[in-house]
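Architecture and fold: a report
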Amino acid sequence: MRIGELAAAVGVTTRTVRHYHHLGLLPEPERLGNGYRDYTLRHAVVLARIRRLTELGLGLAEVRDVLAEDAGKDLVEVLTELDEDLARQEAAIREQRARLRGLIQQGSLPAEGPVSPELAALFSAVGQVSDSPMAAKDREILALIDTSATPEAREQLIGLVGSAFATPDGAERAHAAYALLDALADADPADPRVDEAARALADCLPRELMPTAGIDPDDSFLRALYADFAPAQAEAIRRTLRILTEGEKEGDKR
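So, here is what we can say about the structure in this document. (Residues numbered from 1 in each chain as written. Predicted model: local features only at pLDDT ≥ 70, side-chain atom pairs only at ≥ 80, totals over all residues. Heavy atoms only, no water.)

1. What about the overall build of the chain?
Convention followed: Runs of H or I in DSSP of at least four residues are treated as helices and runs of E of at least two as strands, each being numbered from the N terminus. Summary of the burial criterion: residues with accessible area below 20% of their type's maximum are buried, those above 50% are exposed, and those between are partly exposed, where the area comes from a 1.4 Å probe applied to protein chains only. Contacts were defined at the residue level, with two residues in contact if any of their heavy atoms lie within 4.5 Å. Surface exposure here means Shrake-Rupley accessible area, sampled with a 1.4 Å probe, where a residue is shielded only by the protein chains that are shown.
Summing up its helical and strand segments, the chain has twelve helices and two strands in all. Of the regular secondary structure in the chain, the N- to C-terminal order runs α-α-β-β-α-α-α-α-α-α-α-α-α-α. The buried share of the chain, reckoned over its 254 residues, is 33%. In the chain, 56% of the contacts between residues at least 6 apart in sequence involve partners at least 24 apart. On the chain, roughly 15,600 Å² of surface is accessible, and the fraction owed to carbon and sulfur atoms is 53%.

2. Let's talk about the pattern of salt bridges
Spelled out, the test is: By definition, a salt bridge exists where a carboxyl oxygen of Asp or Glu is found within 4 Å of a side-chain nitrogen of Lys or Arg.
For the structure shown, the criterion picks out eleven salt bridges. Linking Asp169 and Arg173 is a salt bridge whose minimum nitrogen-to-oxygen distance equals 2.4 Å. With Asp169 and Arg173 both in helix α9 (residues 168–182), this residue pair falls four residues apart, about one helical turn. On the basis of relative accessible area, Arg173 is assigned to the partly exposed category, the value being 32%. For Arg193, the salt bridge goes to Asp191, with nearest N and O atoms at 3.0 Å. On the basis of relative accessibility, which here comes to 18%, the residue Asp191 falls in the buried class. By sharing partners, the salt bridges in this structure join Asp195, Glu235, Arg238, Arg239 and Arg242 into a single network.

3. Quick word on the side chain of Arg37
Which entries qualify depends on this criterion: Pairs of N or O atoms within 3.5 Å make up the polar contacts considered here, provided that, within protein, one atom can donate a hydrogen while the other can accept it, and that residues adjacent in sequence are counted only when both atoms are side-chain atoms.
For Arg37, the location among the structural elements is in strand β2 (residues 37–38). One polar contact links Arg37 to Glu28, side chain to side chain, over a distance of 3.1 Å.

4. Some thoughts on the layout of surface pockets
Which entries qualify depends on this criterion: Residues are called lining when one of their atoms sits within 4 Å of a cavity or pocket point, these points coming from a 1 Å grid over the protein atoms alone, where a cavity is a set in which a 1.4 Å probe fits but cannot get out and a pocket is an open set with protein on both sides within 12 Å along at least five of seven lines. Grid points are joined across faces, edges and corners, and a volume is the space filled by probe spheres set on the points. Any residue that is not Ala, Val, Leu, Ile, Met, Phe, Trp, Tyr, Cys, Pro, Asp, Glu, Lys or Arg is counted as polar, Gly included; the first ten are nonpolar and the last four charged.
Here the largest pocket is characterised by a volume of approximately 980 Å³. Together, 33 residues line the largest pocket, and Ile141, Ile145, Leu209, Met210 and Leu241 are the ones closest to its centre. Counting only elements with at least two residues in the lining of the largest pocket, the list comes to α7 (133–148), α8 (151–165), α9, α11 (220–227) and α12 (231–246). With eight residues, α7 is the single largest residue contributor to the lining of the largest pocket. By residue class, the composition of the lining of the largest pocket is 25 nonpolar, four polar and four charged.

5. Some details on the nonpolar core
The condition is simple: Throughout this description, the term nonpolar core refers to a set of buried Ala, Val, Leu, Ile, Met, Phe, Trp, Tyr and Cys residues connected via side-chain atoms within 4.5 Å.
Membership of the largest hydrophobic core comes to 39 residues, with the highest contact counts inside it found for Leu119, Phe165, Leu181 and Leu184. If you list the elements that add at least two residues to this core, you get α6 (117–126), α7, α8, α9, α10 (193–204), α11 and α12. Ala7, Leu25, Leu53 and Leu58 belong to the second largest nonpolar core, which has 19 residues in total.

6. Things to note about the packing of aromatic side chains
Quick reminder of the rule: Ring pairs are drawn from Phe, Tyr and Trp, using the six-membered ring of Trp, whenever the two centres fall within 6.5 Å, and their geometry is named by plane angle: stacked under 30 degrees, edge-to-face over 60, tilted for the rest. Whether a charge sits over a ring depends on NZ of Lys or CZ of Arg being within 6 Å of the ring centre and within 35 degrees of the ring normal.
If you walk through the whole model with that rule in mind, you get zero aromatic pairs. The ring of Tyr36 is capped by Arg2, whose NZ or CZ atom sits 4.2 Å from the centre of that ring. The positively charged end of Lys137 is found above the aromatic ring belonging to Phe229, 5.3 Å away from the centroid.

7. Here we look at the environment of Asp65
Take Asp65: it is sitting in helix α4 (residues 60–67). The spatial distance from the C-alpha of Asp65 to the C-alpha of Leu25 is 9.7 Å, given a sequence separation of 40 residues.

8. A short note on helix α1 (residues 3–10)
Quick reminder: α-helices carry 3.6 residues per turn. Residues three or four places apart thus point the same way. Selection criterion: An arc is given here, and it is the one of the directions from the helix axis to the C-beta atoms.
Looking at α1, one finds that the buried residues are Ile3, Leu6, Ala7 and Val10. Axial view of α1: buried residues confined to an arc of 95 degrees, hence all on one face. Opposite its buried face, α1 presents the exposed residues Ala8 and Ala9, each directed more than 90 degrees away. Structurally, α1 contributes buried residues whose contacts are with α2 (14–23), β2 and α3 (41–55). Immediately downstream of α1, the backbone of Gly11 shows phi near 85 degrees, a positive value.

Structure below.
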């Protein structure tokens, strides 16, 4: 058989046959005097088996193990492992669909969504401050932490922020702090309003949010955070962190 005839007999393309030759899955046939490959029934049998195995979901490396005479795994073992892997994928898909159903049932999603149901509930309780750029940044940072934190750390964070913000009084303080910070967008870092904004923000935040080991001023995340704000806003956040970690309610140690 020529390569086209072999491919047609098994239901694959000639390109697939050549690829399997290149990977060493399908033995190269002898060539006739005119240089054409001369495929035998044995080649068709092996090629058909490769097709069946790949259609079951085996990767080509696993197919090679099955076909190799000295393979450490027999076909039953390989198929068992494949079945277990598919079961894990199936469970992951069920979990993803359950989360999607939960998001759909929420109705309107926050602009930062999708986020965890707990954070979505917190955003709803605090309320959207649509005209506050600082509030929008704050929500983006919370969404980032919601994504990257461990479930335990996420639960603790949302619980602490919720206890501070998810009340009428707490939400009002937060909105006032956002307004003060927004007003610093074009201000100089030495502007006296920086201290006022820092104190207002510190009054909103529970001290339990601060790490017990203190804050590393050279932390790469903090550097990126400060760089995302106007200079006076970044300075207000620096002073807020010092107030929370050092209790500097009355001023700024420099």
